[in-house]
Amino acid sequence: MRVRAITLVAAAGLLLQQGFGQGRGGASPPAGGGTTSGSTGVSTPSIGTTTTSTPGISNVPGNNNPSSTTQPGLARPIPISGRVMLEDGTAPTESVTIERVCGGTSRAEGYTDSKGYFFLELGERNNGVMQDASEVSNGTGSLNPNRMGSGMGVGGSGNSSRGIDSGDMRYMNCDLRAKLAGYRSQTVSLANHRAMDDPNIGTILLHRLAPGAGNTVSANDLEVPKDARKAFDKGQESAKKGKLDEALKDYSKAVELYRPYASAWYELGKLQATGGDLYTARGSFGEAIKADPKYVPPYIAIAEQGIEAKKWKEVAEVTDRASKLDVFDYPQVYFFNAVANYNIKNVDAAEKSVQQAERLDTRHIFPQIYFLWANIMAIRHDYSSAADKFRAFLKLAPDSEDSAMARKQLDQVEKITATAQTQKQDQ
């Protein structure tokens with residue numbers, strides 16, 4: 001879903017019009033990252049699809065890089081540092097447990113300090129962390145490697161959590177998350193994290209639970225009859241094996257057996273869209289929402305179709321509806337809303353949504369957020385902020401399709417800013 005969303009967003013940028021010429025305003029970007037006529041427009045290509053990982057926060061108080069000394073034949077512990085924050089930008093008032101989750105099995109790895117910072121070493125046997133009774137290990141330190149049924153294992157039986165280094169794939173199917181009662185955590189994939197990487201993974205946000213606000217999985221799945229569930233599960237297996245025609249039949253059977261099966265309608269719609277039957281897919285996504293109005297994924301799927309078709313009003317409407325739900329796990333809802341509102345020239349709404357998207361996208365999955373935000377700041381004649389946003393985008397996606405255009409626009413706004421400063425000094 002995530003990859004497809006990033007790809008489809010490219011279509012949105014085709015209609016982004018540069019506005020170096022109306023209004024005034026500004027906003028400060030996140031850390032990181034001759035004159036031109038105010039009415040001059042610059043054509044813009046598609047929003048880029050390249051994503052890169054963020055180096056995370058730096059200078060975590062009291063955290064030093066661990067020793068690189070390891071026993072022969074054993075992999076080095078992997079240092080991890082970061083910070084846990086609440087959505088309002090404050091640190092939790094109590095210590096938060098940092099958990100590693102592999103195959104549905106969780107293990108406490110460390111705790112935050114009074115300001116929300118943490119430092120830990122994955123692979124250390126005796127890390128001094130007390131395990132909760134619900135945190136299950138097989139006694140050797142190894143955890144179930146088959147997260148999400150991927151079957152991609154981390155070593156065989158008897159391997160310790162430190163494991164033998166074979167390309168350092170120990171945590172290929174593992175995530176890191178924060179655990180605090182009453183909150184849901186963002187997750188950070190450990191798949192590509194290595195011992196010699198920058199340990200800083202950035203900020204993990206905690207979202208206060210609001211029962212009934214919205215779901216990442218459909219709540220009515222609990223009421224699905226056994227035969228419909230069996231058909232759905234068969235469809236899932238067929239899809240994983242690439243047998244899409246069989247999966248299509250299985251999902252169709254599932255919704256025939258139980259019509260308000262939101263998850264089955266959604267999966268059916270995805271396969272129909274993949275096969276090019278966009279009209280029927282749109283209907284299936286609509287059925288999924290009808291079955292469970294608080295199930296978020298079909299809203300995003302409809303928005304993606306709207307972006308591809310450049311139906312900006314429809315995208316704005318459906319993402320507005322989705323934003324009323326709990327979209328903590330879906331920054332693209334706000335990003336798509338911002339793109340749509342930008343294209344229908346509702347700049348105020350676009351700016352509001354792009355700010356929300358940036359707040360939730362702590363993993364920088366959508367670096368295009370900053371590219372869009374820079375253009376909004378340029379429209380407002382806040383060239384200093386526009387320059388900062390262009391720099392943030394280029395730092396995150398230096399080789400994207402839009403990097404050349406972003407550099408050109410950055411050069412323009414820097415010249416405008418420099419000219420303005422010179423004129424101010426001459427007065």
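Let me begin by describing the structure that accompanies this report. (Residues numbered from 1 in each chain as written. Predicted model: local features only at pLDDT ≥ 70, side-chain atom pairs only at ≥ 80, totals over all residues. Heavy atoms only, no water.)

1. Describing the overall build of the protein
Phase 1: When its secondary structure is counted, the protein shows 12 helices and eight strands.
Phase 2: In the protein, which comprises 427 residues, the share counted as buried stands at 49%.
Phase 3: Accessible surface for the protein amounts to roughly 20,400 Å². Of this, 50% is attributable to carbon and sulfur atoms. (Helix = DSSP H or I, 4+ residues; strand = E, 2+ residues; numbered from the N terminus. Buried < 20%, exposed > 50% of the residue type's maximum accessible area, 1.4 Å probe, protein only. Areas by Shrake-Rupley, 256 points an atom, 1.4 Å probe, with all protein chains shown as cover.)

2. Brief notes about the pairing of strand β8 (residues 200–208)
Phase 1: The buried count for β8 comes to seven of nine residues, which makes it a mostly enclosed element.
Phase 2: Pairing between strand β1 (residues 78–86) and β8: five bridges, direction parallel. Within the sheet, the bridge partner assigned to valine 84 lies in β8 and is isoleucine 204.
Phase 3: Sheet topology note: the strand β6 (residues 183–185)/β8 ladder contains three bridges and is antiparallel. Looking across to β8, one finds that tyrosine 183 is bridged to arginine 208. (Pairing = 2+ DSSP bridges.)

3. A closer look at the pattern of salt bridges
Phase 1: All told, the structure shown has 14 salt bridges when counted by the stated rule.
Phase 2: Across the pair glutamate 109 and arginine 100 runs a salt bridge, and its minimum N-O distance is 2.7 Å.
Phase 3: Judged by its relative accessible area of 3%, arginine 100 falls in the buried class.
Phase 4: Salt bridges sharing common partners tie together Glu99, Arg177 and Lys179. (Salt bridge = Lys/Arg side-chain N within 4 Å of Asp/Glu carboxyl O.)

4. Quick look at helix α3 (residues 244–257)
Note that an α-helix has 3.6 residues per turn; residues three or four places apart therefore point the same way.
Phase 1: A rise of 1.5 Å per residue sets the reference length of α3, with its 14 residues, at 20 Å; its end C-alpha atoms lie 20 Å apart and thus fit the reference within 8%.
Phase 2: Where α3 is concerned, the buried positions are Ala247, Asp250, Tyr251, Ala254 and Val255. Down the axis of α3, the buried side of the element spans an arc of 130°, and every buried residue falls inside it. Exposed and facing more than 90 degrees away from the buried side of α3 are Asp245, Lys249 and Glu256.
Phase 3: Contact partners of the buried residues in α3: α2 (226–240) and α4 (262–274). (Expected span 1.5 Å × (residues − 1). Arc of directions from axis to C-beta. Contact = heavy atoms within 4.5 Å.)

5. Quick word on the sheet that holds β8
Sheet strands associate in pairs through backbone hydrogen bonding, adopting either a parallel or an antiparallel arrangement.
Phase 1: In space, the four strands of this open sheet follow the order β4-β1-β8-β6, with mixed pairing throughout. One side of each edge strand has no neighbouring strand; the edge strands of this open sheet are β4 (117–122) and β6. With direction set aside, neighbouring strand axes in the sheet form an average angle of 30°. (Axes fitted to C-alpha atoms, helices over the stretch in contact; angles between N-to-C directions.)

6. Re the sheet that holds strand β2 (residues 97–102)
Phase 1: As summarised here, the arrangement of the four strands in space is β3-β2-β5-β7, forming an open sheet in which the pairing is antiparallel. Taken across any chain shown, the strands that pair with only one partner, and hence form the sheet edges, are β3 (105–111) and β7 (187–189). The average angle at which neighbouring strand axes cross in this sheet is 30°, direction not considered.
Phase 2: Judged from the six bridges that link them, β2 and β3 form a sheet pairing that is antiparallel. When the sheet's bridge partners are listed, valine 101 is paired in β3 with serine 106.

7. So, the packing of aromatic side chains
In this description, a pair of aromatic rings is defined by centroid distance and the angle of the planes.
Phase 1: Within the structure shown, the criterion is met by 10 aromatic pairs.
Phase 2: Taking the centre distance of 5.2 Å and the plane angle of 35° together, the rings of phenylalanine 232 and tyrosine 261 count as tilted. With a gap of 29 residues between them, phenylalanine 232 in helix α2 and tyrosine 261 in the loop between α3 and α4 connect regions that are remote in the sequence. In this structure, phenylalanine 232 and tyrosine 261 share a single accessibility class: buried.
Phase 3: Ring plane angle 65° and centroid distance 6.2 Å describe the contact between tyrosine 258 and tyrosine 261, whose orientation is recorded as edge-to-face.
Phase 4: Note on tyrosine 261: relative accessible area 0%, which makes it buried.
Phase 5: Among the aromatic side chains, those forming a connected cluster through ring pairs are Phe232, Tyr251, Tyr258 and Tyr261. (Phe/Tyr/Trp six-rings, centres within 6.5 Å; stacked < 30°, edge-to-face > 60°.)

8. What about the packing of helix α8 (residues 331–343) against helix α9 (residues 347–360)?
Phase 1: Interhelical geometry of α8 versus α9 gives an angle of 160° and a closest axis separation of 7 Å. What the angle tells us is that α8 and α9 run roughly antiparallel. Crossing of α8 over α9 shows left-handed handedness. Only Val347, Ala349, Ala350, Ser353, Val354, Gln356, Ala357 and Leu360 of α9 make contact with α8, whose side of the interface consists of Pro331, Tyr334, Phe335, Asn337, Ala338, Asn341 and Tyr342.
Phase 2: Of the residues belonging to the contact of α8 with α9, the class tally is 11 nonpolar, four polar and no charged. (Parallel < 35°, antiparallel > 145°, perpendicular 65-115°, else oblique. Left-handed = near helix turned anticlockwise from the far one by under 90°. Nonpolar A, V, L, I, M, F, W, Y, C, P; charged D, E, K, R; others polar.)

9. Some remarks on the packing of α4 against helix α5 (residues 278–291)
Phase 1: Contact pair α4 / α5: the axes reach a minimum separation of 8 Å and the direction vectors enclose 165°. Judged by the inter-axis angle, α4 sits roughly antiparallel to α5. The hand of the α4/α5 crossing is left-handed. Side by side, α4 and α5 meet where Ala262, Trp265, Tyr266, Leu268, Gly269, Lys270, Gln272 and Ala273 of the first sit next to Leu278, Thr280, Ala281, Ser284, Phe285, Glu287, Ala288 and Ala291 of the second.
Phase 2: In the contact of α4 with α5, the residues fall into 10 nonpolar, four polar and two charged.

10. Describing the state of the cysteines
Phase 1: Evaluation of the coordinates by the stated rule reveals one disulfide.
Phase 2: Across the disulfide, cysteine 102 is cross-linked to cysteine 174 (sulfur-sulfur distance 1.9 Å). Across the disulfide from cysteine 102 to cysteine 174, rotation about the S-S bond amounts to roughly 115°, and the bridge is consequently right-handed. In this pair, cysteine 102 sits in strand β2 while cysteine 174 sits in strand β5 (residues 174–179), placing the two residues 72 residues apart along the sequence.
Phase 3: Residue classification places cysteine 102 among the buried residues on the basis of a relative accessible area of 2%.
Phase 4: Overall, the relative accessible area of 1% leaves cysteine 174 in the buried class. (Disulfide = S-S within 2.5 Å.)

11. Re the environment of histidine 381
Phase 1: As for its placement among the helices and strands, histidine 381 is situated in the loop between α10 (368–379) and α11 (383–396).
Phase 2: Classification of histidine 381 by relative accessible area gives partly exposed; the value is 22%.
Phase 3: Residues histidine 381 and valine 413, spaced 32 residues apart in sequence, show a C-alpha to C-alpha distance of 9.4 Å.

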